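Next come the chains, spelled out residue by residue.
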Amino acid sequence: MRSTDKTTEAARVMTICNACRYCEGHCAVFQAMELRLEFNSDTLDYLANLCHNCGACYHNCQYAPPHEFQLNVPAAMAELRQENYGVYAWPGFMGRLFANNGLWVSLLSVIVITLFFGATAILTGADFFAAHENAFYGVISHNVLATLFGIVGGFVLLALVGSVVKFWRTMNLPSPLMLDYPRVMQGIKDALSLKYLDGGNGQGCSYPGETPSMARRWFHQMTFWGFMLCFAATSSATILHYGFDLPAPYGYLSLPKLFGILGGIGLIVGPAGLLMLKAKADAAPKGKTNKGMDVSFLVLLFLTSFTGLCLMVVRDTHYVGMMLSLHLGVVMTLFLSMPYGKFIHGFYRLIALIVFAVEKNDHKQVVGVCQSKKTI
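Below you will find a few notes about this structure. (Residues numbered from 1 in each chain as written. Predicted model: local features only at pLDDT ≥ 70, side-chain atom pairs only at ≥ 80, totals over all residues. Heavy atoms only, no water.)

### Quick look at the overall build of the protein chain
Working step 1: A tally of helices and strands in the protein chain yields 13 helices and zero strands.
Working step 2: Taken from the N to the C terminus, the helices and strands of the protein chain come in the order α-α-α-α-α-α-α-α-α-α-α-α-α.
Working step 3: For 376 residues, the compact-globule estimate of 2.2 N^0.38 gives 21 Å, and the protein chain sits close to it at 23 Å.
Working step 4: Counting the 376 residues in the protein chain, one finds 49% classified as buried.
Working step 5: In the protein chain, once contacts between residues fewer than 6 apart in sequence are set aside, the share between residues at least 24 apart is 75%.
Working step 6: The average position of the 27 basic charges and that of the 22 acidic charges among the side chains of the protein chain differ by 3 Å. (Helix = DSSP H or I, 4+ residues; strand = E, 2+ residues; numbered from the N terminus. Rg over C-alpha atoms; globule rule 2.2 N^0.38 Å. Buried < 20%, exposed > 50% of the residue type's maximum accessible area, 1.4 Å probe, protein only. Contact = heavy atoms within 4.5 Å. Lys, Arg positive; Asp, Glu negative; His and termini not counted. Charge placed at Lys NZ, Arg CZ, Asp CG, Glu CD.)

This is how it looks when you write it as structure tokens:
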């Protein structure tokens, strides 16, 4: 258990909310809160990752500023999330990168993109500004790209698994073989549908202003499914290359291209929409220290898609070397920052929603047994 300014503030907020319970129908945070009498750091980490920062409770709270209680649930949860991202990071010392995430991601992107430009220019020489028969593979071979990103991807996967395991254990979940899978599927469904971005009333978040709107939910969905389609594009290209001996580049009607184009559009519209909403949003419910992490992640997703689509357009021109260097630099930055930026929140939120689905079912069973005994 840890005690910090952020856990102390979150505990104060939840204690007052647990006494009031005016917002009990808003989202999973308040339903999970009502099952507890005290709030330690592990419980607060769980509640913080259940919070989707929709803002509905803040705008409906009778104790929000300027009341003397200064109650601000979304801000307290947002601040605590940034802290616990670092707590559960693997390896542990890398957790410090969450503190100034926007700054280090910006510096990393400059360094990585510069290195890609320099290395590509050295490897290709005068051909850096030439068109190539094999498009981008004429600039950097498939084997070199596969080896480089394979090594980095292996570390990223290890770091993500290490972080997720630490959070899983803190949530006191059993081993995967002992899970209640109907509840697991409920948690997954709630996560994929972004159930708790409806403001608790089906009208949407109080975001960017007090008036409920579904815009944030739609842009989140476009971002998530855009990312998944881009992952499907990479996966299908890998299968074609190694399984059917059909190397890239592929035609526009091939699966990698269709998945990539649709995913790319989603990863442009989604992040751009979220950045637009974030710029307009009321600053009070968002928290003070996590803005750089949110913005840097959305910008990286946007640039990954934008440079990828641009590379597809110029792949047979003299600009392929420059665009490939820029695209690979952005993608590598995204890869390296995944375990130590906003990307990790998806895994923690999924685990928190699974825990909530399990304990909500257990609570219903206990209530049902008690009511049966009263009837008898």
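Moving on from the coordinates now.
### Structural notes on the pattern of salt bridges
Working step 1: Applying the stated criterion across every chain yields a total of nine salt bridges.
Working step 2: In this structure, Glu9 engages Arg12 in a salt bridge whose closest nitrogen and oxygen atoms are separated by 3.0 Å. Taken together, the residues span about one helical turn, with Glu9 and Arg12 both in helix α1 (residues 5–20) at a distance of three residues.
Working step 3: Residue classification places Glu9 among the partly exposed residues on the basis of a relative accessible area of 31%.
Working step 4: The exposure class of Arg12 is partly exposed, given its relative accessible area of 30%.
Working step 5: For Lys342, the salt bridge is made with Asp294, and the minimal N-O distance between the two is 2.9 Å. (Salt bridge = Lys/Arg side-chain N within 4 Å of Asp/Glu carboxyl O.)

### Focus on the environment of Ser213
Working step 1: Mapped onto the elements of the fold, Ser213 is located in the loop between α8 (181–192) and α9 (215–243).
Working step 2: On the basis of relative accessibility, which here comes to 22%, the residue Ser213 falls in the partly exposed class.
Working step 3: Expressed as a C-alpha distance, the spacing of Ser213 and Gly199, which sit 14 residues apart in the sequence, is 8.7 Å.
Working step 4: If we skip the residues at most four places from it in the chain, Ser213 touches Gln203, Gly204, Cys205 and Tyr207.

### Section: the nonpolar core
Working step 1: Residues Met14, Phe30, Tyr46, Leu50 and Met77 are the most contacted members of the largest nonpolar core, which totals 80 residues.
Working step 2: If we skip the residues at most four places from it in the chain, Phe30 touches Cys17, Cys23, Glu24, Cys57 and Val73.
Working step 3: Of all hydrophobic cores here, the second largest spans 12 residues; its members include Ala56, Leu197, Cys205 and Phe219. (Core = buried A, V, L, I, M, F, W, Y, C linked by side-chain atoms within 4.5 Å.)

### Overview of a nonpolar patch on the surface
Working step 1: Taken together, the side chains of Leu192, Phe224, Trp225, Met228 and Phe231 make up a nonpolar region of the molecular surface, amounting to roughly 470 Å² of accessible area.
Working step 2: Ranked by the residues each element gives to the nonpolar patch, the list is headed by α9, at four residues.
Working step 3: Judged by relative accessible area, which is 52%, Phe231 ranks as exposed. (Patch = residues over 30% accessible without salt bridge, like charges linked within 9 Å, V, L, I, M, F, W, Y side chains within 5 Å. Areas by Shrake-Rupley, 256 points an atom, 1.4 Å probe, with all protein chains shown as cover.)

### Re helix α6 (residues 101–124)
Working step 1: For α6, which comprises 24 residues, the first-to-last C-alpha distance of 34 Å matches the rise-based estimate of 34 Å (1.5 Å per residue) to within 8%.
Working step 2: One or two steps after α6, the chain reaches Gly125, where phi turns positive at roughly 60°. (Expected span 1.5 Å × (residues − 1).)

### Comments concerning the packing of α1 against helix α5 (residues 73–87)
Working step 1: It is at 9 Å that the axes of α1 and α5 come closest, and there the two elements cross at 145°. Here α1 runs over α5; the crossing is left-handed. On the side of α1, the interface is formed by Lys6, Thr7, Glu9, Ala10, Val13, Met14 and Cys17, while α5 contributes Val73, Ala76, Met77, Glu79, Leu80, Gln82 and Glu83.
Working step 2: Here the contact of α1 with α5 is composed, by residue class, of eight nonpolar, two polar and four charged. (Axes fitted to C-alpha atoms, helices over the stretch in contact; angles between N-to-C directions. Left-handed = near helix turned anticlockwise from the far one by under 90°. Nonpolar A, V, L, I, M, F, W, Y, C, P; charged D, E, K, R; others polar.)

### So, the packing of aromatic side chains
Working step 1: According to the stated counting rule, one finds 16 aromatic pairs in the structure shown.
Working step 2: Between Tyr88 and Tyr348, the ring centres sit 6.0 Å apart and the planes meet at 75°, which makes this aromatic pair edge-to-face. A residue pair is termed long-range when its members are at least 10 positions apart, and Tyr88 in the loop between α5 and α6 and Tyr348 in helix α13 (residues 345–375) qualify at 260 residues. The burial state of Tyr88 is the same as that of Tyr348; both residues are buried.
Working step 3: On the basis of an interplanar angle of 90° and a centroid distance of 5.8 Å, the ring pair of Phe149 and Phe335 is categorised as edge-to-face. Here Phe149, found in helix α7 (residues 142–170), pairs with Phe335, found in helix α12 (residues 320–337); they are 186 residues apart in sequence, far enough to count as distant.
Working step 4: Judged by relative accessible area, which is 25%, Phe335 ranks as partly exposed.
Working step 5: Grouped by ring-pair contacts, the aromatic residues Tyr85, Tyr88, Phe98, Phe167 and Tyr348 constitute a single cluster.
Working step 6: Its guanidinium or amino end placed over the ring of Tyr207, Arg216 lies 4.8 Å from that ring's centre, counting from NZ or CZ.
Working step 7: For Arg315, the ring lying beneath its charged end belongs to Tyr252, and the centroid distance is 5.6 Å. (Phe/Tyr/Trp six-rings, centres within 6.5 Å; stacked < 30°, edge-to-face > 60°. Lys NZ or Arg CZ within 6 Å of the ring centre and 35° of its normal.)

### What to know about unusual backbone geometry
With glycine set apart, most residues show a phi of negative sign, and most peptide bonds adopt trans.
Working step 1: The omega angle of the peptide bond from Pro65 to Pro66 is 15°, so this bond is cis rather than trans.
Working step 2: Inspection of the secondary structure puts Pro66 in the loop between α4 (56–60) and α5.
Working step 3: A cis amide bond links Trp90 with the next residue in sequence, Pro91, at an omega value of -10°.
Working step 4: One can find Pro91 in the loop between α5 and α6.
Working step 5: One non-glycine residue, Asp245, lies in the positive phi region at around 55°.
Working step 6: Mapped onto the fold, Asp245 is located in the loop between α9 and α10 (255–280).
Working step 7: Judged by its relative accessible area of 64%, Asp245 is exposed.

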